[in-house]
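Below are the chains, spelled out letter by letter.
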Amino acid sequence: LNHVNSINYINNLTRKNYNYIEKHERNCTIGDINYSFVTLESQGKTKRLILFKRKKNLFGEAVKSVSVAVAFYLSNNGNLKTKEEIGISCFFPTSDSFGLPFRCHAPFLLTSNRQNIKEDPFNRKLIDILADTAAEAVKILTTEKNDKKQPLINDNILDMIKDAYYFSFGKI
């Protein structure tokens, strides 16, 4: 399944247009999490990732469900990238980061310049849902293999656990 997408936005008063091709190689569902192996191609560059999506009700039935996503990037050899810090997105990247090696996306309430996540009970709930989603994603990743049919999660998980431990004590 291929999708051609175009992102337009104004950056420093200049219109930017990024066209990219999105290929979903395999789609799976476990519980309330949908995940897929995705290849993004743009301007001669390729990024591979595993995208985990989940819909949740925030405060019971009074509020409609929200969608969150966690994306783990893969290196050229198909292993998880665990060393680089990847940021938080709210439809576009923000300046904030959890200090973890995967992308987190949710419909956060942002500051007026759209660069930072507001301190807010709504956002705190979204962060809790993202944390649960990331934990479930890591469990799922233990069953997946890289291009060489080796486990995606091996000793590299220690890098993620160390960073998650640091995050749990309030980096953001």
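Structure: above.
Given the structure is predicted, the values throughout are model-derived calculations rather than measurements.

Student: I'm lost on the nonpolar core in this one. Help?
Tutor: Soluble, globular proteins show a tendency: their nonpolar side chains are buried together. In terms of nonpolar packing, the biggest core is built from 34 residues, with Ile50, Phe52, Phe72, Phe108, Leu126, Leu130 and Leu141 touching the most fellow members. At nine residues, helix α1 (residues 121-141) tops the list of elements feeding residues into this core. Apart from the residues lying within four places of it in its own chain, the contact partners of Leu126 are Leu58, Val66, Val68, Ala106, Pro107 and Phe108. Formed by seven residues, the second largest nonpolar core is a distinct cluster that contains Val38, Ala69, Ala71 and Ile86.

Student: When you look at the pattern of salt bridges in this model, what are you seeing that I'm missing?
Tutor: When the charged atoms of two side chains with opposite charge come close together, those side chains can pair. Inspection of the entire model under this criterion finds five salt bridges. Two residues, Glu144 and Arg26, come together in a salt bridge whose shortest N-O distance is 2.3 Å. Of this pair, Glu144 sits in the loop between α1 and α2 (157-168) while Arg26 is found in strand β2 (residues 14-30), placing the two residues 118 residues apart along the sequence. In this structure Glu144 comes out as buried when scored by relative accessible area, which is 9%.

Student: Would you mind showing me how to read the pairing of strand β6 (residues 87-90) here?
Tutor: Consecutive side chains along a regular strand alternate between the two faces of the sheet. When β6 meets strand β7 (residues 92-97), the two strands line up antiparallel, connected through three bridges. When the sheet's bridge partners are listed, Cys90 is paired in β7 with Phe92. Pairing of β6 with strand β8 (residues 103-105) involves two bridges; the strand directions are parallel. The residue of β8 that forms the bridge with Ile88 is Cys104.

Student: Before we go on, may I ask you to explain unusual backbone geometry in this structure?
Tutor: The backbone of Gln43 sits at a positive phi, close to 50 degrees, despite the residue not being glycine. Judged by its relative accessible area of 65%, Gln43 falls in the exposed class. In the Ramachandran plot, Phe91 falls in the positive-phi region, its phi being about 70 degrees despite a non-glycine side chain. Mapping Phe91 onto the fold places it in the loop between β6 and β7.

Student: When you look at the pairing of strand β3 (residues 33-42) in this model, what are you seeing that I'm missing?
Tutor: Here β3 runs beside strand β4 (residues 45-57); their pairing, made up of 10 bridges, is antiparallel. Within the sheet, the bridge partner assigned to Ser36 lies in β4 and is Leu51. As consecutive antiparallel partners, β3 and β4 are separated by two residues, and within that stretch Gln43 has a phi angle of approximately 50 degrees, a positive value.

Criteria and thresholds
Residues numbered from 1 in each chain as written. Predicted model: local features only at pLDDT ≥ 70, side-chain atom pairs only at ≥ 80, totals over all residues. Heavy atoms only, no water. Core = buried A, V, L, I, M, F, W, Y, C linked by side-chain atoms within 4.5 Å. Buried < 20%, exposed > 50% of the residue type's maximum accessible area, 1.4 Å probe, protein only. Helix = DSSP H or I, 4+ residues; strand = E, 2+ residues; numbered from the N terminus. Contact = heavy atoms within 4.5 Å. Salt bridge = Lys/Arg side-chain N within 4 Å of Asp/Glu carboxyl O. Pairing = 2+ DSSP bridges.

Remember, this is a structural readout, not a statement about activity or role.
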